[in-house]
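Each chain, written out:
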Amino acid sequence: MVGLSKGYTHRNPTQLVLLWTAFLGIHGPEIILVTYNENSMIEGRKITGDLNVPRGQVSFSVEVNCVRSYELPPETVAVRQALLQAAGDEITHIHSGAGTVAEEHFRNPRLTVAELLRFRNDNFVVVWLELGNAIFFRPLKLPEYGEVGRNFLESMASGPPSC
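## Some details on the packing of aromatic side chains
Next, step 1: Going through the model one piece at a time under the given rule, you end up with five aromatic pairs.
Next, step 2: Relative to phenylalanine 124, the ring of tryptophan 20 lies with its centre 4.6 Å away and its plane at 65 degrees, an arrangement referred to as edge-to-face. Separated by 104 residues along the polypeptide, tryptophan 20 in strand β1 (residues 19-23) and phenylalanine 124 in strand β7 (residues 124-128) bring together distant segments of the chain. Here tryptophan 20 matches phenylalanine 124 in class, with each residue buried.
Next, step 3: Put simply, the rings of Trp20, Phe60, Phe124 and Phe137 pair up and form one aromatic cluster.

## Let's talk about the pattern of salt bridges
Next, step 1: Inspection of the entire model under this criterion finds four salt bridges.
Next, step 2: Glutamate 30 serves as the salt-bridge partner of lysine 46, at 2.9 Å between the closest nitrogen and oxygen. Taken together, the positions of lysine 46 in strand β3 (residues 41-46) and glutamate 30 in strand β2 (residues 29-36) put the pair 16 residues apart, joining distant regions of the chain.
Next, step 3: Relative accessible area serves as the criterion here: at 3%, lysine 46 is assigned to the buried category.
Next, step 4: A salt bridge links glutamate 43 to arginine 45, with the shortest nitrogen-to-oxygen separation between them at 3.2 Å.
Next, step 5: Sharing partners across several salt bridges, the network here consists of Glu30, Lys46 and Asp50.

## Here we look at the sheet that holds strand β4 (residues 58-63)
Next, step 1: In space, the eight strands of this closed barrel follow the order β1-β2-β3-β4-β5-β6-β7-β8, with antiparallel pairing throughout. Pairwise comparison of adjacent strand axes, ignoring direction, gives a mean angle of 30 degrees for this sheet.
Next, step 2: Examined bridge by bridge, β3 and β4 share five bridges and lie antiparallel to one another. When the sheet's bridge partners are listed, glutamate 43 is paired in β4 with serine 61.

## Describing the nonpolar core
Next, step 1: Formed by 18 residues in total, the largest nonpolar core has its most connected members in Val34, Phe60, Leu116, Phe124, Val126 and Phe137.
Next, step 2: The leading source of residues in this core is β7, at three residues.
Next, step 3: When neighbours within four sequence positions are excluded, valine 34 is seen to be in contact with Leu16, Val17, Leu18, Trp20, Ile42, Glu43, Gly44, Phe60 and Phe124.
Next, step 4: With seven residues, the next largest nonpolar core counts Ile91, Leu117, Val125 and Leu129 among its residues.

Reading the values: rules and limits
- Residues numbered from 1 in each chain as written.
- Predicted model: local features only at pLDDT ≥ 70, side-chain atom pairs only at ≥ 80, totals over all residues.
- Heavy atoms only, no water.
- Phe/Tyr/Trp six-rings, centres within 6.5 Å; stacked < 30°, edge-to-face > 60°.
- Helix = DSSP H or I, 4+ residues; strand = E, 2+ residues; numbered from the N terminus.
- Buried < 20%, exposed > 50% of the residue type's maximum accessible area, 1.4 Å probe, protein only.
- Salt bridge = Lys/Arg side-chain N within 4 Å of Asp/Glu carboxyl O.
- Pairing = 2+ DSSP bridges.
- Axes fitted to C-alpha atoms, helices over the stretch in contact; angles between N-to-C directions.
- Core = buried A, V, L, I, M, F, W, Y, C linked by side-chain atoms within 4.5 Å.
- Contact = heavy atoms within 4.5 Å.

So, in structure tokens, the structure goes:
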């Protein structure tokens, strides 16, 4: 795999279970809650949303042990190389899965092929392959918010409370 760090020890995917932030171009800054479940899936759910995909929706979902069964086009390989240079770090893991895309106001939502690339520095990027779009995520630094805060943030990720 292009740019994949050789001989790097496996890191537990539960290390990604945090709040992450990214700047999504015209959509501005967003916050994602990353979770890891018993089905070996890493999922990013929007805490803050945007005009296309609102809060509470799944932004991406990737399999921890997914082996890619498709050949990457040269453009994607070039995007990966550019990501390596921009991140100034090595890719340690590549997880394949799906990302959510939609028209404005969450019309016609659908899943598209996506990859989560983990870097040695523990940051990651999600690449929506069809769109050629890559979003860098870094941990959101908050004061210690404890279990009550985590429960609140997880409830926010599921959308507004029902009446």
